[in-house]
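Coordinates in review
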Amino acid sequence: MISKEEYLSGQVLLVDKPLNWTSFQVVNKLRWEIRQAFQIKKIKVGHAGTLDPLATGLLVICTGKMTKQIDTFQGQIKEYTGTFVLGSTTPSFDLETEINNTFPTEHITPDLIQETTKQFIGEIQQYPPVFSALKKDGKRLYEYARAGKAVEIKTRTVSIQDFEITKIDGLSISFRVVCSKGTYIRSLANDFGKALQSGAHLSALRRTKIGAFNVDNAVSIETFITSLKD
């Protein structure tokens, strides 16, 4: 069991974020539970890299003085697994919004899918999704998007080390991606669909690694709370 002093001096906690939770909600929950367990008035808690509510997987949570290492952890290489659905797009590039366009898929073969991944290896230019937490003129991009306001978004350079198709099941494409900080897998899904002369959106996403940290060593929020009471 981790002691009060150890939490205050600094800990790195690996949490498997559940579906439909924001990363901010996970941080708030853990902070509250730690404070309640040890009757602490104030403790620093933060996460090293946001996951969308519809994504699951590894969140690196830092407490106390280890929050100073957040930027270091955020900059490390990340691995994701998930699923694209071919033939349709959504404004958010995932299932947060409804399908807005459909595209032909008859020409797409397993060989074409595999070959197209090669276009995305290395440094690429990527447009962040309009439904994202990035800020422009002091407002989050998703605030503009939900208000129906058009906003100019600039491309950013990201790096894809590995892009592997792990399963093809009709229009459902399972993948594994190893990428740099700042990479949007939702944008990769959208761009992948365009490269196939069709469309695509992200239907599932799980972060499996951040640097040397692995989701296999992460615990659920419920397990963490139980450990505080043991």
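Remember, it's a predicted structure, so these values are computed and weren't measured experimentally.

Details of the overall build of the protein chain
Each helix and strand in the protein chain was counted, giving seven helices and 13 strands. Expected size for 230 residues packed as a compact globule is a radius of gyration near 17 Å; at 19 Å, the protein chain falls within 12% of this value. C-alpha atoms of the protein chain, sized along the principal axes, occupy 60 × 40 × 30 Å. Looking at the protein chain as a whole, 44% of its 230 residues are labelled buried. Within the protein chain, contacts between residues at least 6 apart in sequence are counted, and of these 71% link residues at least 24 apart.

Let's talk about the pairing of strand S11 (residues 172-179)
The buried fraction of S11 amounts to six of the eight residues, a majority that puts the element mostly inside the structure. Where strand S4 (residues 78-86) lies against S11, eight bridges are found, and the strand directions are antiparallel. Within S11, the position partnered with Gly82 by the bridge is Phe175. Where strand S10 (residues 156-169) and S11 come together, eight bridges link them in antiparallel fashion. If you follow Ile160 over to S11, its bridge partner there is Cys179.

Examining the side chain of Thr56
As for its position among the elements, Thr56 is in strand S3 (residues 55-63). One polar contact links Thr56 to Arg206, side chain to side chain, over a distance of 3.1 Å. Not counting residues up to four positions away in its chain, the partners in contact with Thr56 are Lys17, Pro18, Leu19, Leu51, Leu205, Arg206 and Arg207.

Side note on the packing of helix H2 (residues 23-38) against helix H7 (residues 221-229)
Across the interface, H2 lies against H7 with an axial gap of 10 Å and an inter-helix angle of 15°. The angle between H2 and H7 places the two elements in the roughly parallel class. Classified by chirality, the crossing of H7 by H2 is right-handed. Between H2 and H7, the residues in contact are Val26, Lys29, Leu30, Glu33, Ile34, Ala37 and Phe38 and Ile221, Phe224, Ile225 and Leu228, respectively. Residues that form the contact of H2 with H7 fall into these classes: nine nonpolar, no polar and two charged.

Cut-off values and rules
- Residues numbered from 1 in each chain as written.
- Predicted model: local features only at pLDDT ≥ 70, side-chain atom pairs only at ≥ 80, totals over all residues.
- Heavy atoms only, no water.
- Helix = DSSP H or I, 4+ residues; strand = E, 2+ residues; numbered from the N terminus.
- Rg over C-alpha atoms; globule rule 2.2 N^0.38 Å.
- Buried < 20%, exposed > 50% of the residue type's maximum accessible area, 1.4 Å probe, protein only.
- Contact = heavy atoms within 4.5 Å.
- Pairing = 2+ DSSP bridges.
- Polar contact = N/O pair within 3.5 Å; in protein donor to acceptor, adjacent residues only side chain to side chain.
- Axes fitted to C-alpha atoms, helices over the stretch in contact; angles between N-to-C directions.
- Parallel < 35°, antiparallel > 145°, perpendicular 65-115°, else oblique.
- Left-handed = near helix turned anticlockwise from the far one by under 90°.
- Nonpolar A, V, L, I, M, F, W, Y, C, P; charged D, E, K, R; others polar.

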